[in-house]
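Chains, contacts and geometry: an overview
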Amino acid sequence: MTISNRGSRKITIGQEAYRWVVSPSGKGSLVLTVQHDDFNGQLIRVSVESDINEYWIEFPNVKSLNMKVIKPSDVATIIIEAMKQGWTPKDKGKPLCFSLSGSTLVPH
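Read on for an overview of the structure. (Residues numbered from 1 in each chain as written. Predicted model: local features only at pLDDT ≥ 70, side-chain atom pairs only at ≥ 80, totals over all residues. Heavy atoms only, no water.)

**Quick word on the nonpolar core**
For clarity, the cut-off: Definition used in this section: a nonpolar core is a set of buried Ala, Val, Leu, Ile, Met, Phe, Trp, Tyr and Cys residues joined via side-chain atoms within 4.5 Å. Buried residues are those whose accessible area, probed at 1.4 Å on protein chains only, stays under 20% of the maximum for their type, while exposed residues exceed 50% and partly exposed ones sit between those limits. Secondary structure elements follow DSSP: runs of H or I of four or more residues count as helices, runs of E of two or more count as strands, with numbering from the N terminus. A contact between two residues is defined here by any heavy atoms of the two lying within 4.5 Å.
Of all hydrophobic cores here, the largest spans 20 residues; its most connected members are I11, L32, V34, V46, V75 and I79. Examining the composition of this core, we find that five residues originate from one element, helix 2 (residues 72-84), more than from any other. If we skip the residues at most four places from it in the chain, I79 touches I11, I13, Y18, V34 and W87.

**Focus on the pattern of salt bridges**
For side chains of opposite charge, pairing can occur when their charged atoms come near one another. This is how it is decided: What counts as a salt bridge is simple: a side-chain nitrogen of Lys or Arg found within 4 Å of a carboxyl oxygen of Asp or Glu.
One pass over the full model with this rule turns up three salt bridges. With its nearest N and O atoms 3.4 Å apart, the salt bridge here joins D37 to K10. With D37 in the loop between strand 3 (29-36) and strand 4 (44-49) and K10 in strand 1 (residues 9-13), this pair connects stretches of sequence that are 27 residues apart. Residue classification places D37 among the partly exposed residues on the basis of a relative accessible area of 24%. Between D37 and R19 there is a salt bridge whose closest N-O contact spans 3.2 Å. With D37 in the loop between strand 3 and strand 4 and R19 in strand 2 (residues 16-24), this residue pair connects regions lying 18 residues apart in the sequence. Each of the salt bridges in this network shares a partner with another, and the network as a whole consists of K10, R19 and D37.

**Things to note about the sheet that holds strand 6 (residues 104-107)**
We apply this condition: In this analysis, strands are considered paired if DSSP registers two or more bridges between them. Only C-alpha atoms enter the line fits that serve as axes; for helices the fit covers just the stretch in contact. Angles between N-to-C directions range over 0 to 180 degrees.
On the basis of which strands lie adjacent, the open sheet formed by six strands has the order 1-2-3-4-5-6 and mixed pairing. Sheet topology places strand 1 and strand 6 at the edges, where each strand pairs with a single neighbour. Ignoring strand direction, the axes of neighbouring strands in this sheet form an average angle of 30°. Of the pairings in the sheet, the one linking strand 2 to strand 3 comprises seven bridges and is antiparallel in character. Following the sheet pairing, W20 is matched in strand 3 by V34. The strands touched by helix 2 within the sheet are strand 1, strand 2, strand 3, strand 4, strand 5 (96-101) and strand 6, with strand 1 carrying the most contacts at an inclination of about 55°.

Spelled out as structure tokens, the structure:
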């Protein structure tokens, strides 16, 4: 599966370019998907606890919501950590799945 250029963002780490997209994944959860921009290789999928998609549903009672937003700096950190944990973005393979606990990537 390839991440479409439409609706995704590009990030460069060192000399390598990657595409990333954030999607809702049920109530209180987002999923970040990352792939190398030049290769149809292995994906990483990272589950992130966030109530950001519930903002308008719960408005004005939003004080208790986890408003975690995935920023480009988070994506860069996740990519570097995923490679340390065995992600090979240029090689084909099953997606590697993680969850984000604070700033730590936890493999599934």
